[in-house]
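Each chain is listed here by its residues.
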Amino acid sequence: MAMETLDQNAALMVDGNAAAGMLMDVFSAEMTAAPAQCNACGKTGPIGALLVYMQNPGLVMRCPHCQSVVLRIVRTPRYTYIDARGAVYLSIPVG
């Protein structure tokens, strides 16, 4: 990948804490400290440590270790779409 592309990607990326509001809306829980495991590399860490791209109609959350997509959330006027197939699990806190 060209250095220009890497620089552009880095400029668009924020950490998972920037997605806290949308995660709270979708999961009705504080999710930034909740653990998730990447399906691609097996690393586990808090959702707040995932790399987030928020420039699209939703958000894309990538593993900070291997850059694989872990979670995607897109909101439309009628639905919220959640694609978590990049996660072995998401642990949602109760209460």
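As shown above, the structure is provided for reference.
In this report, the structure presented in the accompanying data block is examined. (Residues numbered from 1 in each chain as written. Predicted model: local features only at pLDDT ≥ 70, side-chain atom pairs only at ≥ 80, totals over all residues. Heavy atoms only, no water.)

1. Here we look at the packing of aromatic side chains
Alright, step 1. In the structure shown here, the tally under the stated rule is 1 aromatic pair.
Alright, step 2. Judged by centre distance (6.0 Å) and plane angle (55°), the rings of Tyr79 and Tyr81 are tilted.
Alright, step 3. A residue is classified by how much of its surface remains accessible, and Tyr79, at 44% relative accessible area, is partly exposed. (Phe/Tyr/Trp six-rings, centres within 6.5 Å; stacked < 30°, edge-to-face > 60°. Buried < 20%, exposed > 50% of the residue type's maximum accessible area, 1.4 Å probe, protein only.)

2. A look at the sheet that holds strand β8 (residues 87-90)
Alright, step 1. The 3 strands are arranged β3-β2-β8 in an open sheet whose pairing can be described as antiparallel. This sheet does not close on itself; its edge strands, each paired only once, are β3 (44-46) and β8. The mean angle between the axes of side-by-side strands here comes to 20°, regardless of whether they run parallel or antiparallel.
Alright, step 2. Two strands pair when backbone bridges link them, and strand β2 (residues 35-38) and β8 are joined in this way by 3 bridges, in the antiparallel orientation. From the neighbouring strand, Gln37 faces β8, where its bridge partner is Tyr89. (Pairing = 2+ DSSP bridges. Helix = DSSP H or I, 4+ residues; strand = E, 2+ residues; numbered from the N terminus. Axes fitted to C-alpha atoms, helices over the stretch in contact; angles between N-to-C directions.)

3. Topic: the pairing of β2
Alright, step 1. Relative to β3, β2 runs antiparallel, the two being bridged by 3 bridges. Bridging from a neighbouring strand, Ala36 pairs with Gly45 of β3.
Alright, step 2. Taken together, β2 and the strand that follows it, β3, pair antiparallel across an intervening segment of 5 residues, in which Gly42 is found at a positive phi of about 85°.

Interpretation in functional terms is not warranted from these geometric data alone.
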